[in-house]
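# Architecture at a glance
Listed below, chain by chain, are the residues.
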Amino acid sequence: MSIEQLESIAQAMVAPGKGIIAIDESNNTIKKRFDSVGVPNTEENRRAYREMLLTAPGISQHISGAILYDETIRQATKAGVPFTKVMLDAGILPGIKVDRGPFPLAGFPGELVTEGLDGLRDRLNEYAKLGAKFAKWRAVITISGDAPSGTCIEANCHALARYAALCQEAGIVPMVEPEVLMDGEHDIDECYDVTEATLRSLFASLYEQNVLLEGTILKASMVISGKACPDQASTDEVAEMTIRCLKSAVPASLPGIVFLSGGQTDEQATANLNAMNQQGPHPWPLSFSYGRAMQQAALKLWGQDMAANFAAAQKTVAQRARENGLAALGQWKKVA
Ligand code: 13P
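Throughout this description, residue numbers start from 1 for each chain and increase along the sequence as written. For this predicted model, a pLDDT threshold of at least 70 governs which residues receive local features, and a threshold of 80 or more governs which side-chain atom pairs are given and counted, while totals over whole chains, interfaces and linings are taken from all residues. In computing side-chain values, all of the structure's heavy atoms are included and hydrogens and water are not.

## Things to note about the overall build of the protein
- Looking only at helices and strands, the protein features 12 helices and 10 strands.
- Radius of gyration here uses only the C-alpha atoms, and the compact-globule reference equals 2.2 Å multiplied by the residue count raised to the power 0.38. In terms of overall size, the protein behaves like a compact globule, its C-alpha atoms giving a radius of gyration of 19 Å where 336 residues would be expected to give roughly 20 Å.
- Here the C-alpha coordinates of the protein stretch approximately 50 × 50 × 40 Å along the principal axes.
- In the protein, which comprises 336 residues, the share counted as buried stands at 57%.
- In what follows, a contact means two residues having at least one pair of non-hydrogen atoms within 4.5 Å. The long-range fraction of contacts in the protein, counting pairs at least 24 apart against all pairs at least 6 apart in sequence, stands at 79%.
- If you average the places of the 31 positive and of the 39 negative side-chain charges in the protein, the two averages end up 8 Å apart. Secondary structure is summarised from DSSP: a helix means a run of H or I of at least four residues, a strand means a run of E of at least two, and numbering begins at the N terminus for each. In this scheme, a residue with accessible area under 20% of its type's maximum is buried, one over 50% is exposed, and one in between is partly exposed, where area comes from a 1.4 Å probe on protein chains only. When charges are counted, neither His nor the chain ends are considered; positive counts come from Lys and Arg and negative counts from Asp and Glu. The location of each charge is read from NZ of Lys, CZ of Arg, CG of Asp or CD of Glu.

## Description of empty space enclosed by the protein
- Using a grid of 1 Å spacing that covers the protein atoms alone, one calls a set of points a cavity when a 1.4 Å probe fits there but cannot get out, and a pocket when the set is open and has protein on both sides within 12 Å along at least five of seven lines; lining residues are those with an atom within 4 Å of a point. Grid points are joined across faces, edges and corners, and a volume is the space filled by probe spheres set on the points. The full count for this structure, using the stated rule, is two cavities of 30 Å³ or more.
- The calculated volume of the largest cavity comes to roughly 50 Å³.
- Lining the largest cavity are Glu179, Val180, Met182, Ser221, Met222, Ile224, Leu260, Ser261, Gly262 and Gln264.
- Charged residues are taken to be Asp, Glu, Lys and Arg, nonpolar residues to be Ala, Val, Leu, Ile, Met, Phe, Trp, Tyr, Cys and Pro, and polar residues to be all remaining types, Gly included. Of the residues that constitute the lining of the largest cavity, the class distribution is five nonpolar, four polar and one charged.
- Size it by volume and the second largest cavity reaches roughly 30 Å³.
- Lining the second largest cavity are Ile21, Leu53, Leu54, Ile59, Ile63, Ala66 and Ile92.
- Its residues assigned to classes, the lining of the second largest cavity comprises seven nonpolar, no polar and no charged.

## Here's the deal with the site of the ligand
- Nearness of a residue to a molecule or strand requires only that one of the residue's heavy atoms be within 4 Å of it. The environment of the ligand is formed by 13 residues, the closest being Lys136, Lys219, Ser261, Gly262 and Arg292.
- Contacts to the ligand include Gly262, whose backbone N or O atom sits 2.7 Å from an oxygen atom.
- A distance of 2.8 Å separates an oxygen atom of the ligand from a polar atom in the backbone of Gly291.
- Look at the ligand: alone it shows 300 Å² of surface, and the protein chains cover 92% of it.
- Here the criterion for a molecule occupying a pocket or cavity is that more than half of its atoms lie within 2 Å of the pocket grid points. Of the pockets mapped on this structure, the ligand occupies the largest pocket.
- Looking at the shell around the ligand, the elements with two or more residues in it are β6 (134–141) and β10 (286–290).
- Its residues assigned to classes, the shell around the ligand shows three nonpolar, four polar and six charged. What qualifies as a polar contact is a pair of N or O atoms within 3.5 Å, subject to a donor-acceptor requirement within protein and to the restriction that residues adjacent in sequence count only when both atoms come from side chains. Each accessible area is a Shrake-Rupley result for a 1.4 Å probe, and residues are judged covered by the shown protein chains and nothing else.

## Points about unusual backbone geometry
- A cis amide bond links Ala147 with the next residue in sequence, Pro148, at an omega value of 5 degrees.
- When you line up the elements, Pro148 lands in the loop between β6 and α7 (150–169).
- A cis amide bond links Gly280 to the next residue, Pro281, at an omega of 5 degrees.
- Here Pro281 lies in the loop between α10 (266–278) and β10.
- Even without being glycine, Asn210 reaches a positive phi, approximately 60 degrees.
- Looking at where Asn210 falls in the secondary structure, it is placed in the loop between α8 (188–208) and β8 (217–220).

## Thoughts on the nonpolar core
- As used here, the term nonpolar core means buried Ala, Val, Leu, Ile, Met, Phe, Trp, Tyr and Cys residues forming a set that is joined through side-chain atoms within 4.5 Å. Of all hydrophobic cores here, the largest spans 94 residues; its most connected members are Tyr163, Leu218, Leu246, Ile257 and Phe259.
- Of all the elements, α7 adds the most residues to this core, at 10 residues.
- Sequence-distant contacts of Leu218, defined by excluding residues within four places in its chain, comprise Val176, Pro178, Leu199, Leu202, Phe203, Leu246, Val250, Leu254, Gly256, Ile257 and Val258.
- If you look at the next biggest cluster of nonpolar residues, it comprises 14 residues, including Ala10, Val14, Ile20 and Met175.

## A short note on the packing of aromatic side chains
- Here a Phe, Tyr or Trp ring, Trp counted by its six-membered ring, pairs with any other such ring whose centre lies within 6.5 Å, and the pair is stacked when the planes are under 30 degrees apart, edge-to-face when over 60, and tilted otherwise. Applying the stated criterion across every chain yields a total of five aromatic pairs.
- Their ring planes at 35 degrees and their centres at 5.9 Å tell us that Phe34 and Trp302 sit as a pair that is tilted. Pair noted here: Phe34 is in helix α2 (residues 27–36) and Trp302 is in helix α11 (residues 292–304), with a separation of 268 residues, a long-range link.
- Clustering of aromatic rings is evident, with ring pairs tying together Phe34, Tyr49 and Trp302.

## Section: the pairing of strand β2 (residues 63–68)
- With six of its six residues buried, β2 lies for the most part within the structure.
- For two strands to be treated as a pair, DSSP must find at least two bridges joining them. In this structure, strand β1 (residues 19–22) lies alongside β2, joined through four bridges in parallel fashion. Among the inter-strand pairings, Gly19 is bridged to a residue of β2, identified as Ile63.

## Quick notes on the packing of α10 against helix α12 (residues 310–327)
- An axis is simply a line fitted to the C-alpha atoms; with a helix, the fit covers only the stretch in contact. Between two such axes, the angle follows the N-to-C directions and lies from 0 to 180 degrees. The interhelical angle for the contact between α10 and α12, taken along N-to-C directions, is 25 degrees, at an axis separation of 8 Å. As the angle between them shows, α10 and α12 are arranged roughly parallel. For the pair formed by α10 and α12, the contact residues are Asp266, Thr270, Leu273, Asn274 and Asn277 on the first element and Arg320, Glu323, Asn324, Leu326 and Ala327 on the second.
- Residue composition of the contact of α10 with α12, grouped by class: three nonpolar, four polar and three charged. Roughly parallel means an angle under 35 degrees; roughly antiparallel, over 145; roughly perpendicular, 65 to 115; everything else is oblique.

Okay, here's the thing in structure tokens:
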């Protein structure tokens, strides 16, 4: 695949008014989500839930791509149509989570490093054959006491860059996600410093590994107060500081940046993205790649009664897509 093809996939991912839905929860993570609404974590329930989301009428107007899990990319609708075909027919790009999750970083208690590079070339080639156009790798950076260490940041960014280079070799656009967790009592200034250091390390590593930025998407966490911080920054402050941080660390040649929701409420995630886009124009399109902030309302409805609430749950996820699509344009308005 040529660089032009990677570039055009990356650009399609952040097309105006469109973003990504992340439905790539591992079987352990989806168990936690299902447990919260009393749904048994069976393969059929996972399949039915993902079918409900992916086939929600009208969703492709605001959704450019969906990130799937290994099990999900091999699944099909109840009628037997592979999810990847349903998606490509609707103009939704199939994405795939390829990391193996975060593990304790030896020698650095409490810190994590994401694993999954061994055998990744073969797995990427298989995912490309299954229809994946982009991939995701999530690194987790924790703010606590003296953490994060420089070692933790470097180890994670090195792995992200090795992953990104392998993706491009396989003709897949890498979405690089260094998530600075919201958990903790830290204030927004500390989040700014850690996010800036992480992004600078990430782009230095991408350069070292010969990754083409034109065919790469950044999935970023917002610069935001820790969840337990007594002083919660306002929407405008989050937007202003997130943009200042991105401008200080992210090259303008990147085709786009999408955000994770990371435990924000649905409304916060939408309002913050909207505020950022109202402060534009910026060097890159800023959009969303939300998991929880796209799904939680729909999951609740579906979990109450899978059959009776199927259409209502689909309407709810399509509405979240519409609201976040508007926020990606800076045109969202809070409904009173
Ligand atoms: P959240 O939006 O729920 O944080 O999930 C996004 C994601 O894909 C994290 O890797």
